[in-house]
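What follows is the residue order along each chain.
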Amino acid sequence: MSAAPKVLAICGGVGGAKLALGLDRVLPPGDLALLVNTGDDFVHLGLQISPDLDTVMYTLAGVVSQAQGWGREGDTRRFLDEIVRCGGPGWFQIGDLDLAVHVERTRRLAAGESLTAVTAGLARAFGVRSLLLPMSDDPVRTLLDTVDEGVLEFQEYFVRRRCEPRVRAIRFSGAEAARPSATALALLDAPGLEAVLLCPSNPWLSVAPMLAMPALRQALAVCRAPVVAVSPVVAGRAVKGPTAKLMQELDLEVSAVTVAAHYAGLIDGYVLDRQDAALLPRIGLTAVALPTVMRSLEDRDALARGVLAFARGLSTGPRLRMVS
Ligand code: FO1
């Protein structure tokens, strides 16, 4: 592994992991660090669960369930069935292979290791060559304030209630006090960093918990490398998950333009889908239209190459982006 990664990609779960895989494949070993959302983390059945970290780890290790985009390919559910038989909750599906990761994470955290150290150990065990970083070792929890069901924890909203409750606000409990990954902060300050990429993850649910940490926002604002975001909204629809529904509930136009405006002041460049090329004049900063819908492995590699080339072509140098 080379001394310090040259690209820092910021991502959530399934959608972001697709580009993360492309970046991992096209960059030389050791050149990529991934800063991953932990706002979705929770304790379930007494286990410390970090769904986005596991999704990215399984994806990069080539063992993710292709159908789901999360969990392990070919996993079985004997443990889950037995939990349900015992009268326990079955709404959050933990497969038998996946279970081992949660048990081991829980054991190491209880023994005093940081989430950063545990994640590095697991990633190594799974043969992941990029640097996998939790956004913080401190707890940050995404909370959804819903119109009819009060405040829901993320997995309650996302999995148990299948994103059905209408959302009126989103909060990131603990974010103000949380210290971002020390490794990520050092990378953002390193002269060798070539690009920071915001993967096409849900900007309001998956990327926002990270940007809600003041020190990370500040570090992004002053870093010398170009910061580029990739839109998860294509042709007025979300490529994955509840992004479009959530945007509507927050009274936002479901469009790649809205995502660019959301990141305004933090990014130097923007990538939207080729289908949205007509929106380029409305973006208000340097932007490019690329095929961003990633169905095949080749799609992931092509987008990774395209985004890297675009980012490297942006002018670099000291700058102060807007911090709000
Ligand atoms: N997503 C679901 O929709 N249903 C599940 O039962 C579920 C279980 C699960 C277990 C382990 C894991 O690492 C992820 C899991 N996910 C499940 C995905 C996850 O909840 C979400 O994709 C993310 O939190 C959103 O990025």
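For the structure itself, consult the block above.
A few points on the structure. (Residues numbered from 1 in each chain as written. Predicted model: local features only at pLDDT ≥ 70, side-chain atom pairs only at ≥ 80, totals over all residues. Heavy atoms only, no water.)

Our next topic: the site of the ligand. Not every one of the 14 residues close to the ligand is listed here, only the nearest: Asp-40, Asp-52, Phe-92, Gln-93 and Gln-155. Contact between the ligand and Asp-40: an oxygen atom at 2.9 Å from a side-chain N or O atom of the residue. Out of a free accessible area of 540 Å², the ligand has 90% covered by protein chains. Here the ligand occupies the largest pocket. Broken down by secondary-structure element, the contributors of at least two residues to the shell around the ligand are α2 (51–61) and α6 (154–160). Take the shell around the ligand: its biggest share by element is four residues, from α6. Here the shell around the ligand is built from residues that sort into seven nonpolar, three polar and four charged. (Near = heavy atom within 4 Å. Polar contact = N/O pair within 3.5 Å; in protein donor to acceptor, adjacent residues only side chain to side chain. Areas by Shrake-Rupley, 256 points an atom, 1.4 Å probe, with all protein chains shown as cover. 1 Å grid on protein atoms, 1.4 Å probe; cavity = no way out; pocket = protein on both sides within 12 Å on 5 of 7 lines; lining within 4 Å. Sits in = over half its atoms within 2 Å of the grid points. Helix = DSSP H or I, 4+ residues; strand = E, 2+ residues; numbered from the N terminus. Nonpolar A, V, L, I, M, F, W, Y, C, P; charged D, E, K, R; others polar.)

This next bit is on the pairing of strand β6 (residues 141–146). In terms of strand pairing, β6 meets strand β8 (residues 167–173) through six bridges, oriented antiparallel. Along β8, the bridge assignment pairs Leu-143 with Arg-171. Pairing of β6 with strand β7 (residues 150–153), which is carried by four bridges, proceeds in the antiparallel orientation. Directly across from Thr-146, in β7, lies its bridge partner Gly-150. As consecutive antiparallel partners, β6 and β7 are separated by three residues. (Pairing = 2+ DSSP bridges.)

The next subject is the packing of helix α1 (residues 14–26) against α2. A pair of packed helices is characterised by two quantities: the angle between their axes and the separation of those axes. Relative orientation of the contacting elements α1 and α2 amounts to 35°, with a least axis distance of 9 Å. Once α1 is placed against α2, the crossing between them reads as right-handed. Of α2, the residues touching α1 (which contributes Val-14, Ala-17, Ala-20, Leu-21 and Asp-24) are Thr-55, Val-56, Thr-59 and Leu-60. A per-class count over the contact of α1 with α2 returns six nonpolar, two polar and one charged. (Axes fitted to C-alpha atoms, helices over the stretch in contact; angles between N-to-C directions. Left-handed = near helix turned anticlockwise from the far one by under 90°. Contact = heavy atoms within 4.5 Å.)

What follows is about the sheet that holds β8. Taking strand neighbours across the sheet as the criterion, the three strands line up as β7-β6-β8 in an open arrangement whose pairing is antiparallel. The open sheet has two edge strands, β7 and β8, and neither has a second partner. Going across the sheet, the axis of each strand differs from the next one's by a mean of 25°, ignoring polarity. Packing of helix α8 (residues 203–211) onto the sheet brings it into contact with β6 and β8, and relative to β8 it is tilted by some 25°.

For the rest of this paragraph, the subject is the pattern of salt bridges. Taken as a whole and assessed by the stated rule, the structure comprises 17 salt bridges. Across the pair Asp-81 and Arg-77 runs a salt bridge, and its minimum N-O distance is 2.9 Å. For Asp-81, a relative accessible area of 38% corresponds to the partly exposed category. Note that Asp-145 is salt-bridged to Arg-168, the shortest N-O span being 3.5 Å. Of this pair, Asp-145 sits in strand β6 while Arg-168 sits in strand β8, and the two are 23 residues apart along the sequence. Accessibility expressed as a relative area gives 23% for Asp-145, which makes it partly exposed. Connected through shared salt-bridge partners, Glu-104, Arg-107 and Arg-108 make up one network. (Salt bridge = Lys/Arg side-chain N within 4 Å of Asp/Glu carboxyl O. Buried < 20%, exposed > 50% of the residue type's maximum accessible area, 1.4 Å probe, protein only.)

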